Amino acid sequence: MADDAIALDGFLDEETVPGDLHGSTARFRLTVSPTDERTDEMILPCSVADAELAHAVIHDLVPGDKLRVTGHLRLPRTPDEPIWLVVTALTVLETAPLMTDPATVATAVIERYGPYICWFDADTTDVVEVFTEVGTWVGTAPEPNDLGELLEDFEHRQVADGEQ
């Protein structure tokens, strides 16, 4: 039988959790965005059954880490079962940026929206600074509610410049 393992790149969506009381298994959610289209983005639940890999997942990964996971996709057999990826191998492609200033950690937020990274610090300003995941400056939204308009304008500029 051929190996039907798949490999996906994505970002750790939130904190990892143990899958059992002993921490010999782990669970996490991976944000996968294979294209620049937000409609192609998905959040994929993942599980790890190997005890050594589970320990690394629970203790070494932080939200925002870019990962390459390899495993087997488990499709639901009934309407009430979830879809998930059983991870057999995991590589950290990029670590999430570390925040060293304790005051910044408590008040600032980094959010991902597909290929965009947004920085918001509620204590110092209402504006949201936006970059692409490769570091290209997108712009500043005057407030979080204006973020969609900023991203849409940026994408239209990219199409007009022929960069897409």
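Along each chain, residue indices are assigned from 1 in the same order as the chain's sequence is written. Totals for whole chains, interfaces and linings use all residues, but because this is a predicted model, local features are given only for residues with pLDDT of at least 70 and pairs of side-chain atoms are given and counted only at 80 or more. With hydrogens and water stripped out, all remaining heavy atoms of the structure feed into the side-chain values.

**Q** When you look at the side chain of Thr 16 in this model, what are you seeing that I'm missing?
**A** Here a strand is any run of E in DSSP of at least two residues, a helix any run of H or I of at least four, and the numbering for each starts at the N terminus. Here Thr 16 is to be found in the loop between strand S1 (6-12) and strand S2 (17-18). Burial classification: accessible surface area is computed with a 1.4 Å probe over protein chains only, and a residue below 20% of its type maximum counts as buried, one above 50% as exposed, and the rest as partly exposed. In this structure Thr 16 comes out as buried when scored by relative accessible area, which is 10%. Setting aside its immediate chain neighbours within four residues, Thr 16 contacts Arg 27, Phe 28, Val 57, Ile 58 and Leu 61. Contact definition: two residues touch when any of their heavy atoms are within 4.5 Å.

**Q** Can you help me understand the packing of aromatic side chains in this one?
**A** Two rings belonging to Phe, Tyr or Trp (six-membered ring only in the last case) form a pair when the distance between their centres is within 6.5 Å. Interplanar angles under 30 degrees mark stacking, angles over 60 mark edge-to-face geometry, and anything in between is tilted. Scanning all chains against the criterion turns up two aromatic pairs. Taken together, a centroid distance of 6.0 Å and an interplanar angle of 85° make the contact between Tyr 116 and Phe 154 edge-to-face. One end of the pair, Tyr 116, is in strand S8 (residues 116-121); the other, Phe 154, is in helix H3 (residues 147-160), and 38 residues separate them in sequence. Judged by relative accessible area, which is 4%, Tyr 116 ranks as buried. A ring pair is formed by Phe 131 and Trp 137, whose centres lie 4.9 Å apart and whose planes are at 70°; its orientation type is edge-to-face. Here Phe 131 falls in the partly exposed class, since its relative accessible area comes to 28%.

**Q** Is there a simple way to think about the pattern of salt bridges in this case?
**A** Between side chains of opposite charge, a pair can form as their charged atoms come close. The salt bridge criterion pairs a side-chain nitrogen of Lys or Arg with a carboxyl oxygen of Asp or Glu, the two atoms within 4 Å. Inspection of the entire model under this criterion finds three salt bridges. A salt bridge links Arg 68 to Asp 9, with the nearest nitrogen and oxygen atoms 2.7 Å apart. Remark: Asp 9 occurs in strand S1 and Arg 68 occurs in strand S5 (residues 66-74); sequence separation between them is 59 residues. Judged by its relative accessible area of 30%, Asp 9 falls in the partly exposed class. Among the ionic pairs, Arg 29 bridges to Asp 13, the shortest N-O distance being 2.8 Å. Taken together, the residues Arg 29 in strand S3 (residues 26-32) and Asp 13 in the loop between S1 and S2 connect sequence positions 16 residues apart. By relative accessible area, Arg 29 is classed as partly exposed at 33%. Among the charged side chains, a network of salt bridges with common partners joins Asp 13, Glu 14 and Arg 29.

**Q** Looking at this structure, how should I read the nonpolar core?
**A** For soluble globular proteins, nonpolar side chains are generally found buried alongside one another. Working definition of a nonpolar core: buried Ala, Val, Leu, Ile, Met, Phe, Trp, Tyr and Cys residues. They are joined through side-chain atoms within 4.5 Å. With 18 residues, the main nonpolar core has Phe 28, Val 48, Val 57, Leu 67, Val 69, Val 87 and Leu 90 as its most contacted residues. Looking at this core, the elements that each hand over two or more residues are S1, S3, strand S4 (42-48), helix H1 (51-60), S5 and strand S6 (84-94). Ranked by residue count, the leading element in this core is S3, at four residues. When sequence neighbours within four positions are dropped, the list of residues in contact with Val 87 reads Phe 28, Cys 46, Ser 47, Val 48, Leu 53, Val 69, Thr 70 and Gly 71.

**Q** Honestly, the pairing of strand S7 (residues 108-113) in this entry has me stumped. Any pointers?
**A** Taken residue by residue, a regular strand's side chains alternate between the two faces of the sheet. Should DSSP find at least two bridges between two strands, the strands are taken to pair. Bridge count for S7 against S8 is six bridges, and the pairing is antiparallel. Within the sheet, the bridge partner assigned to Ile 110 lies in S8 and is Trp 119. Hairpin geometry of S7 and S8 is characterised by an intervening segment of two residues between the two adjacent antiparallel strands and by a positive phi of about 60° at Gly 114.

**Q** Sorry, what's going on with the sheet that holds strand S10 (residues 137-141) here?
**A** Working definition: the strands of a sheet are paired by backbone hydrogen bonds and lie parallel or antiparallel to each other. Here four strands make up an open sheet; going across it, the order is S7-S8-S9-S10 and the pairing antiparallel. Two strands bound the open sheet, and with one partner strand each, they are S7 and S10. The average angle at which neighbouring strand axes cross in this sheet is 20°, direction not considered. As paired elements, S8 and strand S9 (residues 128-132) share five bridges and run antiparallel to each other. In the sheet register, Phe 120 faces S9, and the bridge partner there is Val 128. A fitted line through C-alpha atoms represents every axis, and for helices the fit uses only the stretch in contact; the resulting angles, taken between N-to-C directions, go from 0 to 180 degrees.

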